[in-house]
Amino acid sequence: MGEEKKGFFGRLKDGLTKTRDNIVNGIDSVFNGFSAIDEDFYEELEEILIMGDIGVNATNAIIEKLRGQVKENHIKQPSECKEILIQSIKEQMKVGETAYDFEQEQSVILVIGVNGVGKTTSVGKLAGILKDQGRKVLLAAADTFRAAAGEQLTEWANRAGVDIIGGSEGSDPASVIFDAVNAAKARHVDVLLCDTAGRLHNKKNLMEELKKINRIIDKEFPGVHRENLVVLDGTTGQNALQQARDFGEVADLTGIILTKMDGTAKGGIAVAIQSELNIPVKYIGVGETLEDLQKFDSDQFVNALFDIKVSGEEE
Ligand SMILES: Nc1nc2c(ncn2[C@@H]2O[C@H](COP(=O)(O)OP(=O)(O)OP(=O)(O)O)[C@@H](O)[C@H]2O)c(=O)[nH]1
């Protein structure tokens, strides 16, 4: 089957090849290489999970669960542990029901993140997805710091057939948001999607600007459903966790868009994010086209990682 004909699960699976080599092959070699379940066995597993960017806390919780199950079920063979380990990873990723209220309610979605993580691209893709669902979408190009961001977003807006406000380099991001919010009200827009700068003159300015933008939306559009999505680049591994924590200090994060999960060896970060931040990954990006951004499902992710075939998941 040709690459372009693959379904999302197939592309996700392909994208996770390096992560699989990194984590799953290591896990398999431990399961096959050890003849008994002893401390060395657990230590090796632990090391592989941590090296695979799953994170220390999530790894400890996964291993603890495994130990408990091994004891409870009197398991003696390492090979019998694999299924339990997979279940334990899935459980560790549970963050409760992930809500997509913006699909029904009148909403303002602020998309934030450091530069280069894929904010503009994700806003463009989301515009296309929501428009296809029959929603009236407006884009706010408030990344006025990077010259090309406005043009890039305008291209996405044209492709999706949605309107766009702002986009001229050097204009004030907060005033773009002010105009966009008021246009959204006047035009009875269902979803206002706001792209923001990932870099200003320094980090403090960036965070202050975001606080200001937040206040403007609250003041100008009280009662609208708010969503603050932080975009994290999957290839940056553990740094992504810190970025989410930093942005969490200035905005109530309602979800994560995890991009560039195609071709990274650091895909284990998805486990660390959901487990350690307890914020749902709402979308995952596995490439640059519209179809490459999809809703995230942690069970599907773990199945793709471990190459587990599940009926109904189109390859
Ligand atoms: N391979 C891959 N590339 C992606 C994905 N998402 C975004 N990109 C690419 O990442 C690069 C940066 O994306 P942008 O959307 O410009 O990033 P940004 O966060 O808006 O950047 P700033 O405007 O500088 O803050 C672009 O070349 C995108 O095509 C993805 O899921 N996979």
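Just so it is clear, the structure is predicted and the values come from calculations on it, not from any experiment.

1. Looking at the overall build of the chain
- Regarding its fold elements, the chain presents 13 helices and eight strands.
- On C-alpha atoms alone, the chain measures out to a radius of gyration of 21 Å, which is about the 20 Å that the 2.2 N^0.38 rule sets for 315 residues.
- Burial analysis of the chain (315 residues in total) assigns 44% to the buried set.

2. Looking at the packing of helix α11 (residues 238-248) against helix α12 (residues 269-277)
- Where α11 meets α12, the axes come as close as 9 Å, and the angle between the chain directions of the two elements is 35 degrees. The crossing of α11 and α12 is right-handed. Between α11 and α12, the contacting residues are Ala240, Leu241 and Ala244 on the first element and Ile269, Ala272, Ile273, Glu276 and Leu277 on the second.
- Residue classes in the contact of α11 with α12 are distributed as seven nonpolar, no polar and one charged.

3. Points about the nonpolar core
- Ala127, Leu139, Leu192, Leu193 and Cys194 are the most contacted members of the largest nonpolar core, which has 87 residues in total.
- Both domain 1 (7-92) and domain 2 (101-305) contribute no fewer than three residues apiece to this core.
- Contact partners of Leu139, with chain neighbours within four places excluded, come to Val123, Ala127, Leu153, Ala157, Val162, Ile164, Leu193 and Asp195.

4. So, the site of the ligand
- Surveying the vicinity of the ligand reveals 20 residues, the closest of which are Gly118, Thr120, Thr121, Gly198 and Gly285.
- A total of three residues in the shell around the ligand trace back to one element, the largest contributor, which is helix α7 (residues 119-132).
- The class makeup of the residues in the shell around the ligand is three nonpolar, 10 polar and seven charged.

5. Observations concerning α12
- Taking burial as the measure, the nine residues of α12 include nine buried ones, the bulk of the element.
- Every buried residue of α12 is accounted for by Ile269, Ala270, Val271, Ala272, Ile273, Gln274, Ser275, Glu276 and Leu277.
- Those residues of α12 that are buried lie in contact with α5 (56-72), α6 (82-92), α11, β6 (255-259), β7 (281-285) and α13 (298-305).

6. Topic: the pairing of strand β1 (residues 107-112)
- Burial runs high along β1: six of the six residues are buried.
- In β1, alternate side chains face the same way, and those of Ser107, Ile109 and Val111 on one face and Val108, Leu110 and Ile112 on the other are all buried.
- Pairing analysis gives five bridges linking β1 to strand β4 (residues 191-196), with the strands arranged parallel. Counted as the bridge partner of Ser107 is Val191 from β4.
- Pairing geometry for β1 and strand β5 (residues 225-233), over six bridges, is parallel. Within the sheet, the bridge partner assigned to Ser107 lies in β5 and is His225.

7. Remarks on the domain arrangement of the chain
- One can read the domain layout of the chain as domain 1 (7-92) and domain 2 (101-305).
- Once you take the C-alpha centre of each, domain 1 and domain 2 turn out to be 32 Å apart.
- Between domain 1 and domain 2, the residue contacts involve 24 residues of the former and 26 residues of the latter.
- Of all the secondary structure elements, the ones that give two or more residues to the side of domain 1 that touches domain 2 are α1 (8-15), α2 (17-22), α5 and α6.
- Element by element, the count of residues in the side of domain 1 that touches domain 2 is highest for α1, at six residues.

Parameters and conventions
- Residues numbered from 1 in each chain as written.
- Predicted model: local features only at pLDDT ≥ 70, side-chain atom pairs only at ≥ 80, totals over all residues.
- Helix = DSSP H or I, 4+ residues; strand = E, 2+ residues; numbered from the N terminus.
- Rg over C-alpha atoms; globule rule 2.2 N^0.38 Å.
- Buried ≥ 20, exposed ≤ 12 C-beta atoms within 10 Å, placed from the backbone.
- Axes fitted to C-alpha atoms, helices over the stretch in contact; angles between N-to-C directions.
- Left-handed = near helix turned anticlockwise from the far one by under 90°.
- Contact = placed C-beta atoms within 7 Å.
- Nonpolar A, V, L, I, M, F, W, Y, C, P; charged D, E, K, R; others polar.
- Core = buried A, V, L, I, M, F, W, Y, C linked by C-beta atoms within 7 Å.
- Domains from an automatic or database assignment.
- Near = placed C-beta within 6 Å.
- Pairing = 2+ DSSP bridges.

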